[in-house]
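Commentary on secondary and tertiary structure
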Amino acid sequence: MHGRHLPAAIIALTALALGGCGVGGDEGGSGARAINWYAFNEPGGSYQMAVDNCNKQSNGRYTINYVKLPNIADQQRELLVRRLAAEDDDIDLASLDVIWTAEFAEAGWIVPWEGDRRSVAEEGKLDGPLETVRYQGKIWAIPHTSNTQLLWYRKDRVDPPPDDFTWDEMIDDAVEKGTAVEVQAAQYEGLVVWINALIAGAGGQIVNEQGDVAVNDTAKRAAEIEKKLATSPAAPPGMSTNREDQARQGFESGRSDYQINYTFIYPSAEAIEGFQEKIGWARYPRTDKDKPSAPPLGGFNIAVSEYSNNQDLAFEAAECLASPENQALSAELGGLPPTTESVYSNPKVEKAFPFADELRASIDAAGPRPVTPAYSDISLAIQKTYHPPDAVDPDTVVSTLRDRIEKAVEGKIF
Amino acid sequence: MEAATTSARTAAPPKRGMTERARAERKLAWILCAPAVIAMLLVTGYPIAYAFYLSLQKFDLRFPDEKEFVGLSNYADVLSSSTWWSDLLTTVIITVVSVSFELVLGMLIALVMHRAIFGRGPVRAAILIPYGIVTVVAAFAWRYAFDPTSGFVFGLPLVPDTWQPLNTKEGSLFVIIAAEVWKTTPFMALLLLAGLALVPDELHEAAKVDGASALQRFFRITLPLMKPAILVALLFRTLDAFRIFDNIFIIQPGGALGTESVSILGYNVLINRVNLGLGSAISILIFICVILIAFLFVKGLGTSTAQQRGET
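These remarks concern the structure in this document. Note that the structure is a prediction, hence the values are computed from the model and not measured. (Residues numbered from 1 in each chain as written. Chains lettered and ligands numbered in written order. Predicted model: local features only at pLDDT ≥ 70, side-chain atom pairs only at ≥ 80, totals over all residues. Heavy atoms only, no water.)

Focus on the pairing of strand 9 (residues 256–261) of chain A
Residues and elements named next belong to chain A. The line we're drawing: Only protein chains enter the accessibility calculation, which uses a 1.4 Å probe; a residue whose area is less than 20% of its type maximum is buried, one above 50% is exposed, and one in between is partly exposed. Numbering of helices and strands starts at the N terminus; helices are DSSP runs of H or I of at least 4 residues and strands are runs of E of at least 2. Pairing between two strands is assigned when DSSP locates at least 2 bridges connecting them.
Summarising burial for strand 9: six of the six residues are buried, a large majority. Here strand 7 (residues 150–154) runs beside strand 9; their pairing, made up of four bridges, is antiparallel. Within the sheet, the bridge partner assigned to Tyr153 lies in strand 9 and is Tyr258. Pairing analysis gives three bridges linking strand 8 (residues 180–182) to strand 9, with the strands arranged parallel. By the bridge assignment, Ala180 is partnered in strand 9 with Ser256.

The following block contains the structure:
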């Protein structure tokens with residue numbers, strides 16, 4: 001009796017996975033063309049203020065709609081990729097994480113900045129961030145905000161680290177003092193940021209300039225450091241699921257004296273009475289004693305969609321959003337480091353970043369993550385290989401990683 | 001056996017013998033069914049066929065120019081990878097363990113609901129609350145409960161402070177299965193309650209008179225009579241549990257620490273890597289697994305109902 005309905009029930013169950021939704025619209029204010037800007041929801045409110053500024057300056061030619069994306073980079077990418085792959089003309093501008101440029105450019109989802117526009121995009125920008133919008137000789141977006149990780153430490157508990165401070169020394173010191181080192185080691189992009197910085201700090205690469213797999217013994221060195229921390233008493237609780245914010249919380253709770261993290265942790269510490277004064281900063285630790293470190297480089301660039309119906313206005317709006325004034329706003333309210341060099345001498349920015357010198361030096365010295373259209377596949381391969389941190393095997397990691405990345409690049413399963 | 005064949009013969013009478021009226025009724029039946037059949041084909045038949053078509057292509061949304069027909073090589077790729085098999089094993093473990101717990105707990109709850117003398121309505125409503133909560137919300141609740149920094153579980157007596165389930169594979173699977181069991185046991189209980197209601201009281205009374213104990217009555221009368229209901233409940237839950245996605249997605253994002261189920265794998269390939277060819281092959285393989293499970297259960301169901309008819 002039940003049996004007769006089963007095939008239908010099975011088919012109905014498989015259909016449950018389907019769904020769809022829509023956001024945003026094309027209607028702007030009185031006659032102005034609407035430009036939809038897909039960007040993460042900046043909690044400081046500086047993106048919204050930049051949008052308001054630009055809408056005023058456009059003299060009614062365009063109105064930017066700020067369409068807020070989730071705060072997790074992986075989720076932002078998923079949403080943008082889905083829409084752009086479907087040639088959705090609702091997106092005019094998209095904020096792209098620095099690692100997505102090659103993928104989006106190769107797929108033909110974003111348009112290059114050429115001629116005069118190219119000079120606007122390049123004008124006055126720092127080298128590191130500018131490098132992230134370059135792919136195959138073209139400029140694919142305007143650098144907006146940058147980011148890098150510093151070593152944050154408790155001034156009241158540990159000595160200021162020397163210039164050639166290494167990961168090994170930091171872990172040993174934390175073990176000796178009975179405290180922890182906060183890192184990002186959950187299985188997500190943040191783990192790739194760490195591993196890539198460790199590999200680059202040892203002078204290695206994951207993918208070379210030609211886009212070929214270049215994994216060598218430096219990958220083993222990275223695994224050794226990762227495993228050493230994960231299996232030492234200096235590993236923070238929940239290390240294998242910690243992201244940026246858990247690291248911040250752990251540091252603020254006082255359980256750790258060292259933290260590797262982005263600059264947002266500094267303004268965030270304001271909430272705790274007297275805590276900011278206890279925070280010291282230094283350059284990202286070295287992988288090897290004799291080689292300078294290669295700190296991670298993060299940040300966002302603004303790109304114009306191939307499927308936008310108002311590309312000319314979209315370029316104009318992007319220029320405005322990434323203007324030095326609006327970058328200063330993001331620095332002041334959101335703690336996001338600027339990509340335009342001159343903004344660093346703005347008094348408000350200087351006040352927001354007491355560590356501005358270290359920040360600039362870190363951005364200049366940063367080691368880029370692999371520039372390849374298969375970046376997200378490679379990222380997943382790295383995540384799988386180096387997670388969980390305490391179980392990674394330094395002796396086999398090189399061949400495992402090489403094998404997985406080769407499969408990732410060929411579009412195979414790994 | 002014999003009974004089954006005779007009933008099959010009576011169920012499908014020869015067409016020639018149909019009266020005018022019967023023929024008209026049959027035609028009407030087809031017309032009335034048609035909209036549902038067409039809607040079903042549109043929303044299920046087409047996507048499944050399209051997914052199968054995609055699974056035969058090399059097709060990555062990022063490299064549309066490289067699209068080409070590759071036959072079954074995507075399937076070969078998936079089936080020859082250790083990832084697929086380890087994910088399948090994880091999925092089977094989660095399915096078997098969670099459905100077993102749900103069956104036992106669901107049966108106990110169904111008995112409680114069946115026997116509740118006063119406050120029947122409130123008791124049933126209270127038991128159903130977990131099922132009414134959105135899975136993602138429930139998953140977040142479980143994740144936060146076991147969060148290494150803020151989880152309340154670690155403040156409870158008898159729970160060691162050093163226990164960090166979300167840091168290990170076994171611990172994560174435990175939390176995922178617990179969340180799954182907590183969430184869907186009420187569904188199981190509801191289906192079993194329906195079966196329980198079908199067991200006639202007279203049989204129990206007769207057995208009682210004959211001196212059967214409560215346990216004997218449960219195993220000798222209630223369970224056999226409930227078998228069809230139990231199998232249907234098991235089938236529904238097994239199919240559901242096999243496609244587990246949301247609990248893992250929230251509790252151990254990305255299927256970290258070896259908690260990746262086949263659905264998470266499909267999601268990673270389809271949505272993250274936008275590799276439609278390979279991802280569709282995974283989807284079709286999941287579909288085939290689901291059909292196999294259903295087939296096994298339906299076969300089981302068929303024999304059990306026939307046996308029952310023979311017995312009574």
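Quick word on the interface of chain A and chain B
For clarity, the cut-off: Note on contacts: a residue pair qualifies if any of its non-hydrogen atoms lie within 4.5 Å across the two residues. Reported buried area values correspond to the accessible surface (1.4 Å probe) lost by two parts on association, with both partners' losses combined. Each reported salt bridge corresponds to a side-chain nitrogen of Lys or Arg within 4 Å of a carboxyl oxygen of Asp or Glu. The term polar contact refers here to a pair of N or O atoms within 3.5 Å; inside protein, the definition further demands a hydrogen-donor-capable atom paired with an acceptor-capable atom, and it admits residues adjacent in sequence only when both atoms are side-chain atoms. Throughout, the ten residues Ala, Val, Leu, Ile, Met, Phe, Trp, Tyr, Cys and Pro are labelled nonpolar, Asp, Glu, Lys and Arg are labelled charged, and all others, Gly among them, are labelled polar.
With 41 residues of chain A at the contact, the number on the chain B side is 43 residues. Taken together, both faces of the contact between chain A and chain B bury some 3,600 Å²; the carbon and sulfur share is 63%. At the boundary of chain A and chain B, one finds four salt bridges. One can count twelve residue pairs in polar contact (both at pLDDT 80 or more) joining chain A with chain B. Those elements that place two or more of their residues in the side of chain A that touches chain B are helix 1 (6–15), helix 3 (73–85), helix 4 (101–106), helix 16 (375–385) and helix 17 (397–409) of chain A. Examining the composition of the side of chain A that touches chain B, we find that seven residues originate from one element, helix 1 of chain A, more than from any other. Taken together, the residues of the side of chain A that touches chain B break down into 20 nonpolar, ten polar and eleven charged.

A few points about the environment of Thr83(B)
Turning to its location among the elements, Thr83(B) is positioned in helix 4 (residues 82–115). Sequence spacing of Thr83(B) and Ala138(B) is 55 residues, and the spatial spacing of their C-alpha atoms is 28 Å. The residues contacting Thr83(B), other than those within four sequence positions of it, are Lys384(A), Phe414(A), Glu260(B) and Leu265(B).

Some details on the pairing of strand 11 (residues 297–304) of chain A
Residues and elements named next belong to chain A. Counting buried positions over the eight residues of strand 11 gives eight, a clear majority of the element. The pairing of strand 3 (residues 93–97) with strand 11 spans five bridges and is antiparallel. Residue Ala94 lies in a different strand from strand 11, and its bridge partner there is Ala303. Pairing between strand 6 (residues 142–148) and strand 11: six bridges, direction antiparallel. Residue pairing for strand 11: Pro143 is matched across the bridge by Asn301.

A short note on the pattern of salt bridges
Going through the model one piece at a time under the given rule, you end up with 38 salt bridges over all chains. Close ionic contact of Arg134(A) with Glu122(A) constitutes a salt bridge, the shortest N to O distance being 3.8 Å. Residue Arg134(A) is located in strand 4 (residues 134–135), and its partner Glu122(A) is located in helix 5 (residues 116–122); the two are separated by twelve residues in the primary sequence. Ionic pairing is found between Arg237(B) and Glu102(B), a salt bridge with its closest N-O pair at 2.6 Å. Of this pair, Arg237(B) sits in helix 9 (residues 214–242) while Glu102(B) sits in helix 4, and the two are 135 residues apart along the sequence. Accessibility expressed as a relative area gives 0% for Glu102(B), which makes it buried.

Focus on the nonpolar core
Generally speaking, nonpolar side chains in soluble globular proteins are found buried as a group. Our working rule: Among buried residues, the Ala, Val, Leu, Ile, Met, Phe, Trp, Tyr and Cys ones that are joined through side-chain atoms within 4.5 Å form a nonpolar core.
One finds Trp37(A), Leu93(A), Trp167(A), Trp194(A) and Tyr386(A) to be the most contacted residues of the largest nonpolar core, which totals 105 residues. Dropping the residues within four chain positions of it, Trp194(A) is found in contact with Trp167(A), Val183(A), Gln184(A), Ala185(A), Glu226(A), Leu229(A), Met239(A) and Tyr284(A). Counting residues in hydrophobic clusters, the runner-up holds 44 residues, among them Leu239(B), Ala241(B), Val269(B) and Val290(B).

Details of the packing of helix 4 of chain B against helix 9 of chain B
Residues and elements named next belong to chain B. To keep things clear, this is the line we draw: Each axis is a line fitted through C-alpha atoms, and for a helix only the stretch in contact is used; angles between axes span 0 to 180 degrees, taken between their N-to-C directions. What sets the label is the angle itself: under 35 degrees gives roughly parallel, over 145 gives roughly antiparallel, 65 to 115 gives roughly perpendicular, and the rest give oblique. By convention the crossing between two helices is left-handed if the near helix lies anticlockwise of the far one by an angle smaller than a right angle, and right-handed if it lies clockwise.
Relative to each other, helix 4 and helix 9 sit at 140°, their axes nearing to 10 Å. Between helix 4 and helix 9, the interaxial angle falls into the category oblique. In the crossing of helix 4 with helix 9, the sense of the turn from one axis to the other is right-handed. The segment helix 4 lies against helix 9, with Leu88, Thr91, Val92, Thr95, Ser98, Val99, Glu102, Leu103, Met107 and Leu111 engaging Phe218, Leu223, Met226, Ile230, Leu234, Arg237, Thr238, Ala241 and Phe242. Of the residues that constitute the contact of helix 4 with helix 9, the class distribution is 13 nonpolar, four polar and two charged.

A short note on the state of the cysteines
All names here are of chain A. Heads up, the condition is: Two cysteine sulfur atoms form a disulfide, by the criterion used here, when they sit within 2.5 Å.
Tallied over the full model, the rule gives one disulfide over all chains. Linked covalently through their sulfurs, Cys54 and Cys320 form a disulfide whose S-S length is 2.1 Å. The sign of the S-S torsion, about -100°, decides the handedness of the disulfide formed by Cys54 and Cys320: left-handed. Of this pair, Cys54 sits in helix 2 (residues 46–57) while Cys320 sits in helix 12 (residues 311–321), placing them 266 residues apart in sequence.

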